[in-house]
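# Structural overview for review
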Amino acid sequence: MKPFIRHILVICFGGVLFTSCKKEATIQPQETLPSQRKATTELTTLLTENFESGSKTAYASGTVTLSSGSWTLDDALIGTLSADLKNGTKSVRIRNTGTLTTNFNIAGGAGSVTVTVHHGSYGSDGSSDWQLWTSGDNGGSWQQQGSNVTTSGNLQAATFTFTAGASLRISIRKVSGGSNRINIDGISITTGDGGSNPPPAAGDNDNMLLGNPSNALADISSENNYLMVKTYYALSYSRSRGTPNWVSWHIQSSDLGSVSRSDDFRADNTLPTGWYQVQNSSYSGSGFDRGHNCPSGDRTSTTEANSATFLMTNMMPQAPNNNQQTWANLENYTRSLVNAGNEVYVIDGNYGQGGTGSLGGVTNTINNGNVTVPANIWKVVVVLPAGNNDLSRINGATRVIAVNTPNTNSINSDWTQYRTTVRDIENATGYNLLSSLRVSLQDSLETKIDNQQ
């Protein structure tokens, strides 16, 4: 068995040619123009459901109250067995021609919405097809969205983008495969805020394809594990720490271009009303860099993509030498793998409290206690040859790089000195990394230390 749930990391870079991750050790406040603040179009999450809060142990039709509201499960139950594919401890299991349907209206979706559903085959069951149906009139009438989806193998994401009214209900309907069972987990519904960014990719290249390490929720009651699905990365944010717990993203060759570094550090005004917003000047004089998690250098295809990485919800206090040398070298190496014909999935984060920056000593918090300085910063990189059907291509021979560094200024600039196992990071954080993979495959990949050069 794997450990239960787990935490995250990393940085940025600099230079006109994006060859290192330089961020000033002493940061001066800078003016952010209104036009810069609007350079990134964020997505609004209307619903996130991971089925962790409910219980239903029989296939007979019945309702269950979950964190998002009341759902009807017909010829379906909430599975907790080892053969149930899941990001946490539970997922829905559907057999025959069973259904999974909301009994409530999902408000705020007028316009284009994107529904993302993580699905996989139960145990060793064969393939099945299912459909997404929606209703805009309280369940009075329904229509299918998109095409049938075939489920076979590990959890992967299917995404449907369509125009919805002011209220929305959804229904997942298994339509083939007979007694073969499917698992459904990690349903989310997002909508844009009127900008021009495309919705996040689904399935292949999805920034959360490998899972939700902490079962983060887009619910203000989950204030220290708050899910924020951005266009160019996804993260779990901690209100009390003022930093992300973890950030995940995908890099392919089309993400790497030649646009200039935006340097438009700014507060994230998409945080819930009343939450403290870390400012672009909040790290000034602290002895710590504004360390990117999803690096600027990983998003150089457009000005919009690069600017998206400069939100302060993507930052953590990072010792300058850790940021500008060790992590910069790891980031550059990761991009070299992409330039060599690969694509990579990255999860990073931080944990603990107390780091040593350029001022010496141990600092626990900065910005009048609003931002916690982490003790450790970590990253996991999954490397695949560029291609399609990414989840199904991950196997026991897939390269997985795991690195865990102390957040100190005396750190060695050679990141390879800090290689570890994914399992060790999980044990330190309590997170469940690579949770979209079958447990047996996780056990194989997460207990190895990468030694490739």
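Attention in this report is confined to the structure presented alongside it. Just so you know, these numbers come straight off a predicted model, no measurement behind them.

### Details of the overall build of the chain
Along its length, the chain carries 6 helices and 20 strands. Counting across all 453 residues of the chain, residues that qualify as buried make up 59%. Taking as baseline every contact in the chain between residues at least 6 positions apart, the subset at least 24 positions apart corresponds to 74%.

### Some points on helix α3 (residues 320-339)
Between its terminal C-alpha atoms α3 stretches 27 Å, which fits the 28 Å expected from 20 residues at 1.5 Å a residue. Within α3, the axis deviates most sharply at A328, by approximately 40°. Where burial is concerned, most of α3 is hidden: 14 out of the 20 residues are buried. Positive backbone phi, approximately 110°, marks G341, located one or two places after α3.

### What to know about empty space enclosed by the protein
Unfilled space is identified by rolling a water-sized probe across the atoms. Overall, the coordinates contain 2 cavities of 30 Å³ or more when judged by the stated rule. Of the voids in this model, the largest cavity is the one considered here, and its volume is about 310 Å³. Forming the walls of the largest cavity are 23 residues, and the residues nearest its centre are H118, G186, S188, M208 and V229. It is strand β10 (residues 182-192) that provides the largest number of residues to the lining of the largest cavity, a total of 5 residues. Taken as a whole, the second largest cavity holds about 40 Å³ of empty space. If you go around the second largest cavity, the residues you meet are N207, M208, L209, L210, G211, S248, W249, Y345, V346 and I347. Contributions of two or more residues to the lining of the second largest cavity are made by β13 (243-251) and β16 (342-351).

### Quick look at the sheet that holds β16
Strands sit in the order β11-β12-β13-β16-β19-β20 across an open sheet of 6 strands; the sheet is antiparallel. Two strands in the sheet have a free side with no partner beyond their single neighbour: β11 (226-229) and β20 (399-406). Shown here is a sheet whose adjacent strand axes are inclined to one another by a mean of 15°, direction ignored.

### Let's talk about the nonpolar core
Grouped together as the largest cluster of nonpolar side chains are 42 residues, with contacts concentrated most on Y233, Y237 and I401. Of the residues forming this core, the biggest block, 5 residues, is contributed by α3. Residue contacts for Y233: discarding those within four places in its chain leaves N207, M228, V247, S248, W249, C294, A308, T309, L311 and N314. In this structure, L47, I106, V117 and I170 belong to the second largest nonpolar core, which totals 30 residues.

### Some remarks on the pattern of salt bridges
Applying the stated criterion to the full structure yields 16 salt bridges. Salt-bridge contacts for R261 lead to D263; the nearest nitrogen and oxygen are separated by 2.8 Å. Residue R261 is classed as buried on the basis of its relative accessible area of 15%. With relative accessibility at 31%, the residue D263 sits in the partly exposed group. A salt bridge links R393 to D390; the nearest nitrogen and oxygen atoms lie 2.7 Å apart. In this pair, R393 and D390 both sit in helix α4 (residues 390-393), 3 residues apart, roughly one turn of the helix. Connected via shared salt-bridge partners are R423, E426, D443 and E446.

### Structural notes on helix α6 (residues 439-446)
Of all the residues in α6, the buried ones are L441, Q442, L445 and E446. For α6, the arc enclosing every buried residue in end-on projection is 115°, short of the 170-degree limit, so these residues lie on one face. Buried residues belonging to α6 abut β20 and α5 (422-429).

### As for the pairing of strand β5 (residues 111-121)
Among the 11 residues of β5, 9 are classified as buried, and the element is accordingly described as predominantly covered. Across 9 bridges, β5 lies against strand β8 (residues 156-164) in antiparallel orientation. In the sheet register, T116 faces β8, and the bridge partner there is T159.

### Some details on the packing of aromatic side chains
Across all of its chains, the model carries 6 aromatic pairs by this definition. With a centroid separation of 6.1 Å and 70° between ring planes, the pair formed by W71 and F104 is classed as edge-to-face. In this pair, W71 sits in strand β3 (residues 69-79) while F104 sits in the loop between β4 (91-102) and β5, placing the two residues 33 residues apart along the sequence. Here the two residues W71 and F104 agree in accessibility, since each one is buried. Ring centres of Y333 and W415 lie 5.2 Å apart, and the angle between their planes is 40°; on these two criteria the pair is classed as tilted.

### Topic: unusual backbone geometry
Residues other than glycine seldom take positive phi values, yet D75 does so here, at roughly 55°. Counting through the fold element by element, D75 comes out in strand β3. Located in the positive-phi region is L434, a residue other than glycine, with phi close to 60°. Mapping L434 onto the fold places it in the loop between α5 and α6.

### Things to note about the environment of A375
Within the secondary structure, A375 is located in the loop between β18 (371-372) and β19 (376-385). In the structure, A375 is positioned 21 residues away from G354 in sequence and 4.8 Å away in space, judged by C-alpha atoms. Once residues lying within four places of it in the same chain are set aside, the contact partners of A375 are Y351, G352, Q353, G354, T405, P406 and N407.

Procedures and definitions
- Residues numbered from 1 in each chain as written.
- Predicted model: local features only at pLDDT ≥ 70, side-chain atom pairs only at ≥ 80, totals over all residues.
- Heavy atoms only, no water.
- Helix = DSSP H or I, 4+ residues; strand = E, 2+ residues; numbered from the N terminus.
- Buried < 20%, exposed > 50% of the residue type's maximum accessible area, 1.4 Å probe, protein only.
- Contact = heavy atoms within 4.5 Å.
- Expected span 1.5 Å × (residues − 1).
- Bend = angle between axes of the 7 residues up to and from the residue.
- 1 Å grid on protein atoms, 1.4 Å probe; cavity = no way out; pocket = protein on both sides within 12 Å on 5 of 7 lines; lining within 4 Å.
- Points joined across faces, edges and corners; volume = space filled by probe spheres on them.
- Pairing = 2+ DSSP bridges.
- Axes fitted to C-alpha atoms, helices over the stretch in contact; angles between N-to-C directions.
- Core = buried A, V, L, I, M, F, W, Y, C linked by side-chain atoms within 4.5 Å.
- Salt bridge = Lys/Arg side-chain N within 4 Å of Asp/Glu carboxyl O.
- Arc of directions from axis to C-beta.
- Phe/Tyr/Trp six-rings, centres within 6.5 Å; stacked < 30°, edge-to-face > 60°.

Nothing here speaks to function; it is all geometry.
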